[in-house]
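Structural features, examined
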Amino acid sequence: MKGRRGFLLVALAATALAAAASLGLSAPSYGAKPTAAAPTSGDCTLANGIQHVVYLQFDNTHYMRDRPNVASDLEQMPHLLNFLTNNGTLFTNDHTILISHTAGGILSTLTGLYPDRNGQTVSNSYDYYKNNGVPTFTSSFKYWTNTVDGADDPLPNMVTDGGLTTPAPWLTYTHAGCDVGGVSAANIELENNSIAPGGDISTVFGNPSPEASEPPALRQTDFVGIAIHCSLASRFCASSPNAKPDYASVLPNSDEGYKALFGAKYVNPAINGGAPCVPATDGTAITDPAGNCGFPGFDGALAKNTLGEVAQMQEAGVPVTFAYISDAHDCHVPDPVADTYRSSAQGPGESCYTQQLAQYDAAFGTFFQRLAADGINKSNTLFVVTVDEGDHFAGGVGTPDGNGGLAYTHTICPQASITAVTPCPGNQIGEVNARIGGLLPAGEPPFDIHFDDAPTFYVNGDAAHPNGPSRTDPAVRKLERDVWNATAPDPYVGSTVKITEALADPVEERTLHMINADPKRTPTFTLFGNPDFFFQTSNVCGPAGTVVCVNPGFAWNHGDIQPEIATTWLGMVGPGVQSGGIDSSTWSDHTNVRPTINTLVGLKDGYLDDGRVLIEALTTKATPQSLIAHRETVRRLSAVYEQLNAPFGSFAMDTLSASTRAIASSDESVYNGIEDQISSLTSQRDSLAAQIKAGLNAAAFDGRALNEQQAKGWIAQADDLIGQASALGAG
């Protein structure tokens, strides 16, 4: 699937944990430990009468239409759409993060942290610099407590402030006595079947071990993608000899006595009366493509499978579940012989796409009925449903297929040269693959990129510059200008176009929350591209040496800055949630989901969330009194805070415009002048944003009402910084 493009079976070095310990890393506070006695069996007590939390995150699923004459994804799932709009609030002006891919989008929503504080500033994969200065690819999809690469980078993959491991989203719940189930959600279950040192299987089970001795495909089915993180008194872990220590960081023995069950082989019997097969919502067994009971694979996280596993967990007494559902844009066809899914892009209105959405709709209908029959409903359950990112459809206009749908051409459209557009059929589908080196002049410095619509560039370093050259290095500056001036043919517009829409080097990347605590991961610069394009360094589709061609295998681009990619949706139903129907006016952000959920369930993270409580989602009764005390001021402060601090807020987008003008300039005095202003504004932004989010978090979780005058002062300062950024962006 496009959402997990770049997913690899990553093998990390055996020295990872020892190396992390040698850095002096220590475990931070991981969650709100109850003030009462240690949790006992059945001690999962949440606020507002909430007894269950069902969190679902789609991959690439749209509220808005991609073509005016084709119903949107949510419109084609009326059981879900009506459930959200008739019983709660559906926010349709939510926003993802940069760079917006499956890993980053899910992880920011789960943690309430921007990428600079959860490690995944570039995803679904990223480069890091080895000690010799050579940038090297790795996957974002690793289990939560894995490192980047112990030999060359022992820091946590999920790195946060101070080089520590980002607190995992289940910790706040398990410390409060609640078991937490995970189904395909990024990094909260095992993500790969690797038995190499540092791989997920060897890290959790050891090698040799019975688990490591299984064939690779069966290891994936048995141990990847499904988990239960147990509270101290959980019957699931207490009764299972297969429960393993549930580490909270990359450090050994950081489990604090907590355990977890990893994999369907151990989870399914625990929630299904000893049986290895859990039923999907259509009554069939959840299996891999070869028919083995267990994890169906990330491309097989179809609605019927994910919802079936979630329902089984909830019915068995796992009160909190976090789950992922595969995108419907790609046609996912099981290959029993290879034991994998074959996925290919579909256009709006195309038969397989439409059929999958109909199946998703049926799955939701059954899911809600099934849960309600077991007493799990809107009166006692918080349902949170959202999406990781939006995306752009790279394709032409579908033609009627004679069956009420649309047809597209799924053959490669070759490009004879990079100076003239070779006509493609009007109903062509597919991203425009571009080999970036072929679009640039000869003599560029060696570099690698994160293959993407918005590729990050990592220019090779050396012994003196192991993390790459300075942003002011003349070779870097020339490469940036060459990228800005590069053009390529776009068959969908019938002309040659600029490939670059915006540029950010480390100065603006900091503004966009794209630089984390690991200096080895900082991109030299980022190209935000024309959304029809997908850039890579290797040969693209077509004959050897082809520079540009249309690849029909992929057609939904994300990670970039366009509104259709940035804008997502969030639905909430349950005790304490307003019945607000569709809310298209409230500007929201992925990081708001976590603190809003925490407010509803009465828990508090042991760290400061980057988001704010979405009071527009809450009933008055469920809203903390300290937020009600100055409700209008809280609204104004929350709104200006998001425009000041969010990656897609006005401050960031305006400084990105200024950054682009600076980097594209051949006048270094212009470049330095603008960069200095962005740096200064961002420093002021960071300082003010820290004060505002601390004030909002204290009001939400510590009962400390905002100081009215101080809040109004913050609003005025934020407005002033936003105004300065706007003026700088306008030039």
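Just above sits the structure.
Residues numbered from 1 in each chain as written. Predicted model: local features only at pLDDT ≥ 70, side-chain atom pairs only at ≥ 80, totals over all residues. Heavy atoms only, no water.

Quick look at the sheet that holds strand β18 (residues 431-435) now. Either a parallel or an antiparallel arrangement is found when strands of a sheet pair, and the pairing is made through backbone hydrogen bonds. Strand order in this open sheet of three strands is β25-β18-β26, and the pairing throughout is mixed. Looking along the sheet, the strands with just one partner apiece sit at the ends: β25 (533-536) and β26 (548-551). Averaged over all adjacent pairs, the angle separating strand axes in this sheet is 30°, with direction ignored. One ladder, built from four bridges, connects β18 with β25; its direction is parallel. Looking at the pairing, arginine 435 lines up with glutamine 536 of β25. (Pairing = 2+ DSSP bridges. Helix = DSSP H or I, 4+ residues; strand = E, 2+ residues; numbered from the N terminus. Axes fitted to C-alpha atoms, helices over the stretch in contact; angles between N-to-C directions.)

With mixed pairing, the ten strands of this open sheet are ordered in space as β9-β10-β8-β7-β11-β1-β14-β28-β2-β29. In the strand order of this sheet, the two ends are held by β9 (244-245) and β29 (581-583), each with one partner. Across two bridges, the pairing between β9 and strand β10 (residues 259-262) is antiparallel. Each residue of the ladder has a partner; that of proline 245, found in β10, is lysine 259. Strands β1 (52-58), β11 (320-325) and β14 (381-387) of the sheet are contacted by helix α3 (residues 102-111), whose axis makes an angle of about 155° with β1. Strands β8 (226-229) and β10 of the sheet are contacted by helix α9 (residues 264-271), whose axis makes an angle of about 65° with β8. (Contact = heavy atoms within 4.5 Å.)

Scanning the model with the defined rule gives 24 aromatic pairs in all. Aromatic side chains phenylalanine 58 and tryptophan 569 sit 5.9 Å apart centroid to centroid with 50° between the ring planes, which places their arrangement in the tilted category. Of this pair, phenylalanine 58 sits in strand β1 while tryptophan 569 is found in strand β28 (residues 567-573), placing the two residues 511 residues apart along the sequence. The same class applies to phenylalanine 58 as to tryptophan 569, namely buried. With a centroid separation of 6.2 Å and 15° between ring planes, the pair formed by tyrosine 143 and tryptophan 170 is classed as stacked. With tyrosine 143 in the loop between β4 (135-139) and β5 (147-149) and tryptophan 170 in the loop between β6 (153-156) and α5 (171-174), the pair connects residues that are 27 residues apart, well separated along the chain. Over the ring of phenylalanine 236 we find arginine 235; its NZ or CZ atom is 4.3 Å from the centre of that ring. The residue whose ring lies beneath lysine 498 is tryptophan 484, and the NZ or CZ to ring-centre distance is 3.9 Å. (Phe/Tyr/Trp six-rings, centres within 6.5 Å; stacked < 30°, edge-to-face > 60°. Buried < 20%, exposed > 50% of the residue type's maximum accessible area, 1.4 Å probe, protein only. Lys NZ or Arg CZ within 6 Å of the ring centre and 35° of its normal.)

In this section: helix α15 (residues 593-601). Given 3.6 residues per helical turn, the α-helix brings residues three or four places apart onto the same face. With respect to burial, α15 is a largely interior element, nine of its nine residues being buried. Among all positions of α15, only Val593, Arg594, Pro595, Thr596, Ile597, Asn598, Thr599, Leu600 and Val601 are buried. Within two residues after α15, glycine 602 carries a phi angle of roughly 80°, on the positive side.

Here we take up the state of the cysteines. Evaluation of the coordinates by the stated rule reveals six disulfides. Sulfur-sulfur distance for the disulfide between cysteine 44 and cysteine 178 comes to 2.0 Å. Across the S-S bond linking cysteine 44 and cysteine 178, the dihedral sits near 90°, which makes this disulfide right-handed. Separated by 134 residues along the polypeptide, cysteine 44 in the loop between α1 (16-22) and β1 and cysteine 178 in the loop between α5 and β7 (180-183) bring together distant segments of the chain. The exposure class assigned to cysteine 178 is buried, which follows from its relative accessible area of 0%. Across the disulfide from cysteine 230 sits cysteine 237; the S-S distance is 2.0 Å. Judged by the sign of its S-S torsion, about 75°, the cystine formed by cysteine 230 and cysteine 237 is right-handed. (Disulfide = S-S within 2.5 Å.)

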